[in-house]
Amino acid sequence: MNNNNIRAMIGGALLMLSALATVFAAQPEPMPAEHPNLQLISVQTEGSGTDVILIPGLASSREVWSDLASRLQSSHRVHLIELAGFASTPAIPNPDGKIIVPTADAIAEYIDTQHMKAPVIIGHSLGGEVALMLGARHPDEVGRLMIVDALPFYTLMIDPAATSKTASQRAGASRDWILAQSPEQFAAFQKTSITRLAKTEAVRPALVAAGISSDRKTIADAVYELMITDLRPELGQIKAPIEVVYAYDSLFGVPASGVEAMYRQAYASAPDIHFTRIDDSFHFVMLDQPERFNSAVESFLND
């Protein structure tokens, strides 16, 4: 699959991920003061039973998981994560610009403080990257991983031959471009980009609104880090089985076989992995095809 086809399929998703958000009204649980790393995340818990941690994507609210959480809470204790600076969760000082690495560490610490035994981790988009990092760098903390429409190295969608080094220039330009936009340009960008990320028109206004409410620097720093982070060399360190759920739609402009090949090649070094494709969906699989997605999750949990 050549670069032009990949660009057509993704539709500029690396830059447009800043629109991935919804509004969530519930108040998160306060993080203990004696664990300052936990200020990087806010968490709401629902239900009781086997622990499942849900991690949303770039600038996304935990509300993207609301339908799934309502189904799981009768038999699972669901931990809905939201990252500082995204959607309704206030940003915190972050002089070094790191988002993904400290978030993975914070979730590992949260697992410890809550005395969880190998919880299931489900992450979407940037949240999928966090989930992979958690599995690779804290392998004993994780029971199973579901990665939703995410790659271990996002810049592969633009350049299949990319490396972290070659991606840095493009990543820096993307970060600077996001920061340089006026409020009006940024709002227009959200509205335009979300049409490529959510196929279901009814969910788009909330996604755009919370994207706009997210902290701009946090978004820009996260985009930069996402674009230069290549977790492929670390996949072999993951002990947990991995389920990759990815979207496909004919509007991508490439055959389904090409998308499948991209995912399988990217995850080739993972020792225990399975792939599930959900058709007629854009990036927000859980919103575009909630019944199929929830069914995939239930099969994953009950396997």
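Residues numbered from 1 in each chain as written. Predicted model: local features only at pLDDT ≥ 70, side-chain atom pairs only at ≥ 80, totals over all residues. Heavy atoms only, no water.

Caption draft 1: Geometry of the nonpolar core. In terms of nonpolar packing, the biggest core is built from 69 residues, with Ile-55, Ile-121, Leu-145, Ile-147, Tyr-263 and Tyr-267 touching the most fellow members. In this structure, Ile-55 is in contact with Trp-65, Ile-81, Leu-83, Ile-107, Ile-121, Ile-122, Gly-123, His-124, Gly-127, Val-130 and Ala-131, ignoring residues within four places of it in sequence. By size, the runner-up hydrophobic cluster in this structure holds 30 residues, among which are Val-52, Leu-72, Leu-80 and Val-297. (Core = buried A, V, L, I, M, F, W, Y, C linked by side-chain atoms within 4.5 Å. Buried < 20%, exposed > 50% of the residue type's maximum accessible area, 1.4 Å probe, protein only. Contact = heavy atoms within 4.5 Å.)

Caption draft 2: Region of the structure containing the pairing of strand β4 (residues 120-124). Burial runs high along β4: 5 of the 5 residues are buried. Along β4, one buried face is formed by Val-120, Ile-122 and His-124 and the opposite face, lined by Ile-121 and Gly-123, is buried too. Alignment of strand β2 (residues 50-55) against β4, held across 4 bridges, turns out to be parallel. The residue of β4 that forms the bridge with Leu-54 is Ile-122. Viewed along the sheet, the connection from β4 through helix α5 (residues 126-137) into strand β5 (residues 144-148) turns out right-handed. (Helix = DSSP H or I, 4+ residues; strand = E, 2+ residues; numbered from the N terminus. Pairing = 2+ DSSP bridges. Right-handed = clockwise from strand over helix to strand, strands pointing away.)

Caption draft 3: Spatial organisation of the sheet that holds strand β7 (residues 273-279). The strand order β1-β3-β2-β4-β5-β6-β7 describes an open sheet built from 7 strands, whose pairing is mixed. Of all strands in the sheet, those bounded by a partner on one side alone are β1 (41-46) and β7. Taken over all neighbouring pairs, the strand axes of this sheet differ in orientation by 20° on average, direction set aside. Two elements, β1 and strand β3 (residues 76-83), share 6 bridges in a ladder whose sense is antiparallel. Of the residues in β3, the one forming a bridge with Ser-42 is Glu-82. Along the sheet, helix α10 (residues 256-266) makes contact with β6 (242-248) and β7, crossing β6 at roughly 150°. (Axes fitted to C-alpha atoms, helices over the stretch in contact; angles between N-to-C directions.)

Caption draft 4: Broad picture of the pairing of β3. For β3, the buried fraction is high: 7 of the 8 residues fall into the buried class. Bridge analysis of β2 against β3 gives 5 bridges, and the strand direction is parallel. Across the sheet, Val-52 pairs through a bridge with Val-78, a residue of β3. With helix α3 (residues 66-72) bridging β2 and the parallel β3, this β-α-β connection has right-handed handedness.

Caption draft 5: Inspection of unusual backbone geometry at higher detail. Positive phi outside glycine occurs at His-115, with the angle close to 55°. Taking relative accessible area as the criterion, His-115 reaches 65% and is therefore assigned exposed. For Ala-118, which is not a glycine, the phi torsion comes out positive at approximately 45°. Within the secondary structure, Ala-118 is located in the loop between α4 (100-113) and β4. On the accessibility criterion, Ala-118 (42% relative accessible area) is partly exposed.

Caption draft 6: Region of the structure containing the pattern of salt bridges. In total, this model carries 12 salt bridges according to the counting rule given. Between Asp-67 and Arg-71 there is a salt bridge; the shortest N-O distance is 3.8 Å. Here the residue Asp-67 and the residue Arg-71 both occupy positions in helix α3, the gap between them amounting to 4 residues, near one helical turn. Residue class for Asp-67 comes out partly exposed when judged on its relative accessible area of 32%. In this structure, the salt-bridge partner of Glu-260 is Arg-264, at a minimum N-O distance of 2.8 Å. Linking Glu-260 with Arg-264, this pair stays in helix α10, spanning 4 residues, or about one helical turn. (Salt bridge = Lys/Arg side-chain N within 4 Å of Asp/Glu carboxyl O.)

Caption draft 7: Region of the structure containing helix α7 (residues 183-197). Under the 1.5 Å per step criterion, the end-to-end length of α7 is 21 Å for 15 residues, consistent within 8% with the ideal 21 Å. Those residues of α7 lying buried are Phe-186, Ala-187, Phe-189, Gln-190, Ser-193, Ile-194 and Leu-197. (Expected span 1.5 Å × (residues − 1).)

Caption draft 8: Structural view of the environment of Ser-75. Relative to the assigned elements, Ser-75 resides in the loop between α3 and β3. Residues Ser-75 and Asp-51, spaced 24 residues apart in sequence, show a C-alpha to C-alpha distance of 9.4 Å. Setting aside residues up to four positions removed in sequence, Ser-75 forms contacts with Ser-48, Gly-49 and Thr-50.

Caption draft 9: Up close: the side chain of Thr-103. Tracing the backbone through its elements, the reader meets Thr-103 in helix α4. Those residues in contact with Thr-103, other than ones at most four positions away along the chain, are Ile-41, Leu-83 and Val-130.

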